[in-house]
Amino acid sequence: MSEKEKSTREGRPEMMDHGVIVRPKGEEWHVYLVDQEDEVETFDNKGEALKRADDISDEHESFVQLLDENGDVDNNLTYDDVQ
């Protein structure tokens, strides 16, 4: 996406480069922005974590990456794909 396209999108265009990560850690699920692992929201289950990620990604028109236990990408979703 060009800078011009980014600047004409609604929401926060810079968020297209900084999506939302959903990752299991033990019994909990963590939600945080890419490159901001220090600011984690913690949830008891995957459904709650995905709901929060959906809210964030919808608001900022960004993407969601669902990671597995090893930190590998399990699924990439756009802001309108998260359910």
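Note that the structure is predicted; figures quoted are calculated from it, not measured.

When helices and strands are tallied, the chain shows two helices and five strands. Each helix and strand of the chain, ordered N terminal to C terminal, gives the series α-β-β-β-α-β-β. Looking at the chain residue by residue over its 83 residues, the buried ones come to 34%. In the chain, of all internal contacts separated by at least 6 residues, the share reaching a separation of at least 24 is 38%. Working note: accessible area of the chain is about 5400 Å², and carbon and sulfur atoms make up 40% of it.

Time to look at the sheet that holds strand E1 (residues 20-25). The mixed open sheet is built from five strands, whose spatial order is E3-E2-E1-E4-E5. Where the open sheet ends on each side, the last strands, each with one partner, are strand E3 (41-43) and strand E5 (73-78). On average, each strand axis in the sheet is inclined to that of its neighbour by 20°, with strand direction left out of account. Two elements, E1 and strand E4 (residues 63-67), share three bridges in a ladder whose sense is parallel. Directly across from Val 22, in E4, lies its bridge partner Leu 66. Contacts between helix H2 (residues 46-60) and the sheet are confined to E1, strand E2 (28-33), E3 and E4, with E2 contributing the most and set at about 10° to the helix.

Right, let's talk about the pattern of salt bridges for a bit. Under the counting rule described, the total for this entry stands at two salt bridges. A salt bridge links Glu 41 to Arg 52, with the nearest nitrogen and oxygen atoms 3.0 Å apart. With Glu 41 in strand E3 and Arg 52 in helix H2, this residue pair connects regions lying 11 residues apart in the sequence. Judged by relative accessible area, Arg 52 falls into the partly exposed class, the value being 29%.

This part takes up the pairing of E4. Within E4, four of the five residues are buried, which leaves it mostly tucked inside the rest of the structure. Bridge count for E4 against E5 is five bridges, and the pairing is antiparallel. Bridge pairing links Leu 67 to Val 73 in E5. Connecting E4 to the next strand, E5, in antiparallel fashion are five residues, including Gly 71 with a positive phi near 90°.

Each value, and the rule that gives it
- Residues numbered from 1 in each chain as written.
- Predicted model: local features only at pLDDT ≥ 70, side-chain atom pairs only at ≥ 80, totals over all residues.
- Heavy atoms only, no water.
- Helix = DSSP H or I, 4+ residues; strand = E, 2+ residues; numbered from the N terminus.
- Buried < 20%, exposed > 50% of the residue type's maximum accessible area, 1.4 Å probe, protein only.
- Contact = heavy atoms within 4.5 Å.
- Areas by Shrake-Rupley, 256 points an atom, 1.4 Å probe, with all protein chains shown as cover.
- Pairing = 2+ DSSP bridges.
- Axes fitted to C-alpha atoms, helices over the stretch in contact; angles between N-to-C directions.
- Salt bridge = Lys/Arg side-chain N within 4 Å of Asp/Glu carboxyl O.

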